[in-house]
Amino acid sequence: MAKQEQNVFQEIVSHCKKLGFVYQSSEIYGGLSAVYDYGPYGVLLKNNIKQYWWKSMVQMHENIVGIDAAIFMEPTVWKASGHVDAFNDPLVDNKDSKKRYRADHLIEEYIESKIQKKIDKDVAKAAKRFGDSFNKEEYLATDKRTLDRQAKIDAILSRMNNSLNTGDLKDIDALIAELEIACSVSGTKNWTEVRQFNLMFSTQGGGATSDDVLYLRPETAQGIFVNFLNVLNTSRQKIPFGIAQIGKAFRNEIVARQFIFRMREFEQMEMQFFVRPGEQKQFYEQWKEARMKWHLALGTPADKLRYHDHEALAHYADMALDIEFEYPFGFRELEGVHSRTDFDLSSHEEHSGKKLQYFDPELKESYTPYVVETSVGCDRMFLSVLSQAYQIDEAPDSKGKMQQRVVLRLHPAIAPIKCAVLPLVKKDEALTNKAREIFNKIKYSFECQYDEKDSVGKRYRRQDELGTPYCITIDDQTLEDNTVTLRERDSMEQERVAVEAVERIVQQKVDMRVLLQQL
Ligand code: GAP
């Protein structure tokens, strides 16, 4: 990560702690690596993100229903899903620093820093030289040096993916040696052999499965597959239809860095869409578009999001892509869209002995449905909206002098607090009484905050830092004509509005419908 990007990222992490969005888990005991707690504003923002997702899936689609399955499942589930045998990451240790790495990440970072960066630099130079007439695609397809570099990237990735797919990790050992990859801590190339590491956490079960290992689910999707028949029999759905779920998942990530991007306990928002075999491509394309639209509706600029097709497919998929977001540390996976074939239902049918088929009344035949899945991490979503929203601009202080201000330009519909109610001065009881009266009236409609401490300028700054879209200020004029000042966060513009109108004005802007109507 470049120094400037590192600084921005560190500022966002500090902001989360300082304002009460995210804390390190068990911090008073020194913290637990890659586990985080959400504070008073974090939980509100996270709940709003979840609500936006849930409404967009369940409320907006007649043919999608929700469930909330348990975290613990009968252990055979994880045998059937392939997680016991194949949910592994390749790990490698540096013998000198004792630091552990994901071998595939080491190779990808090498490509990024040693080859891709050079391509990007040449592209930027050429763009400068040719000005408006520059055609990036043409340049990438014809420039000899760029083509050679791209060929080198393709060759490395092909070897790595082949190695991961076959499970023969010797070629990854060879790649690390050939590329002369060194440990960033010790600086040496003294590596152990690469080996597979299963990511599932396990514990001992009670009751019927007391002899068995119980796993903490590494994805919520299996709770949907094993309930396929239950939902089908109780919800009057016909194929195509979907089942949506939000819930915790657990993975013993080898390298847990980058704050809430890669956690050991996290939350997923997953939807499995059951379709006729052969129709998966059409629905895969449909959900790919729909999910991008969902992200863009939040106001995220289009150039901050991109699709990335998977080169190496998971054991269950026939098509897969990521929607990537440009975090302060670069483009990374935010969401996955996967065509999972009939792998999961067929495998559960085989392991459970229960028929998991659908009788299609139109075709008059039974079949195992195919599945298109959308899966977005709630915490990654949280980090993406915060990274996008965190901005520094200028605002006048009480003497009119411009000062730096930190502002979270969150979409109003997901902002933790929608409106702050501020009496101009604390000492004037008539003002504080009036402010309380307004607060007590509008708090039924949306999340509000009453604040009378410090100067009004300082209180505006604090609300900007929290991402509160509106502040209402109660002053002497309020007592005379029953109007208040309504201040908008981004423009900092203030207008005088009647007390009776204020609730409606704010409600219109912060309503989740504003988002849903764009989908
Ligand atoms: N059911 C499919 C599935 O679990 P995945 O690509 O492994 O697919 C889906 O995970 C999403 O879950 C990712 O796109 C990411 O947003 C989130 N996710 C995965 N591992 C995570 C972790 N360790 N910490 C935070 N989020 C994670």
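Residues numbered from 1 in each chain as written. Predicted model: local features only at pLDDT ≥ 70, side-chain atom pairs only at ≥ 80, totals over all residues. Heavy atoms only, no water.

## Details of the site of the ligand
Taken together, 20 residues are adjacent to the ligand, and Glu219, Glu253, Glu270, Glu333 and Leu334 come closest. In this structure, Met263 approaches the ligand through a main-chain N or O atom, which is 2.8 Å from a nitrogen atom. The separation between an oxygen atom of the ligand and a polar main-chain atom of Leu334 is 2.8 Å. Across the complex, the protein chains shield 93% of the 560 Å² of accessible surface that the ligand would expose by itself. Contributing elements (two or more residues each) for the shell around the ligand: β10 (265-275), β13 (330-341) and β16 (370-377). Broken down by element, the residue count for the shell around the ligand peaks at six residues, all from β13. In the shell around the ligand, the residues fall into five nonpolar, five polar and ten charged. (Near = heavy atom within 4 Å. Polar contact = N/O pair within 3.5 Å; in protein donor to acceptor, adjacent residues only side chain to side chain. Areas by Shrake-Rupley, 256 points an atom, 1.4 Å probe, with all protein chains shown as cover. Helix = DSSP H or I, 4+ residues; strand = E, 2+ residues; numbered from the N terminus. Nonpolar A, V, L, I, M, F, W, Y, C, P; charged D, E, K, R; others polar.)

## Let's talk about the sheet that holds strand β22 (residues 483-488)
Strand order in the open sheet formed by five strands is β20-β19-β21-β22-β23, with mixed pairing between adjacent strands. Two strands lie at the open edges of the sheet, namely β20 (448-450) and β23 (494-498), each paired on one side alone. Mean inter-strand twist for the sheet, computed between neighbouring axes without regard to direction, equals 25 degrees. Alignment of strand β19 (residues 419-423) against β20, held across three bridges, turns out to be parallel. Across the sheet, residue Val421 finds its bridge partner in β20, namely Tyr450. Of the strands in this sheet, β19, β21 (470-474), β22 and β23 touch helix α17 (residues 499-510), which is tilted by about 120 degrees from β23. (Pairing = 2+ DSSP bridges. Axes fitted to C-alpha atoms, helices over the stretch in contact; angles between N-to-C directions. Contact = heavy atoms within 4.5 Å.)

## Here we look at helix α10 (residues 228-235)
Each α-helix turn comprises 3.6 residues. Residues three or four places apart therefore point the same way. Buried within α10 we find Phe228, Val231 and Leu232. Projection of α10 onto a plane perpendicular to its axis shows the buried side chains occupying an angular sector of 100 degrees, all on one side. Turned more than 90 degrees off the buried face of α10, the exposed positions are Asn233 and Thr234. Buried-residue contacts for α10 involve β3 (64-66), α9 (221-225), β9 (241-250), β10, α12 (343-352) and β14 (358-360). (Buried < 20%, exposed > 50% of the residue type's maximum accessible area, 1.4 Å probe, protein only. Arc of directions from axis to C-beta.)

## Re a negative patch on the surface
A cluster of acidic residues, Glu108, Glu109, Asp154, Asp309 and Glu311, forms a negative patch at the surface. Mapped onto the elements, Glu311 comes out in the loop between β11 (305-309) and β12 (319-327). (Patch = residues over 30% accessible without salt bridge, like charges linked within 9 Å, V, L, I, M, F, W, Y side chains within 5 Å. Salt bridge = Lys/Arg side-chain N within 4 Å of Asp/Glu carboxyl O. Lys, Arg positive; Asp, Glu negative; His and termini not counted. Charge placed at Lys NZ, Arg CZ, Asp CG, Glu CD.)

## Considering the domain arrangement of the protein chain
In terms of domain boundaries, the protein chain breaks down into domain 1 (45-70 + 221-408), domain 2 (88-198) and domain 3 (410-516). Between domain 1 and domain 3, the C-alpha centre-to-centre distance is 34 Å. Taken over both partners, the interface formed by domain 1 and domain 3 buries close to 1,600 Å², and the fraction arising from carbon and sulfur atoms is 67%. Considering only the side of domain 1, the residues that lose the most area to domain 3 are Asn48, Arg405 and Leu408, jointly responsible for 34% of the buried surface there. For the side of domain 1 that touches domain 3, the elements supplying multiple residues, two or more each, are α2 (40-59), α13 (378-389), β17 (390-396) and β18 (402-408). Looking at the side of domain 1 that touches domain 3, the element that brings in the most residues is α2, giving seven residues. Classifying every residue of the side of domain 1 that touches domain 3 by side-chain character gives 13 nonpolar, three polar and three charged. (Domains from an automatic or database assignment. Buried area = accessible area lost by both parts, 1.4 Å probe.)

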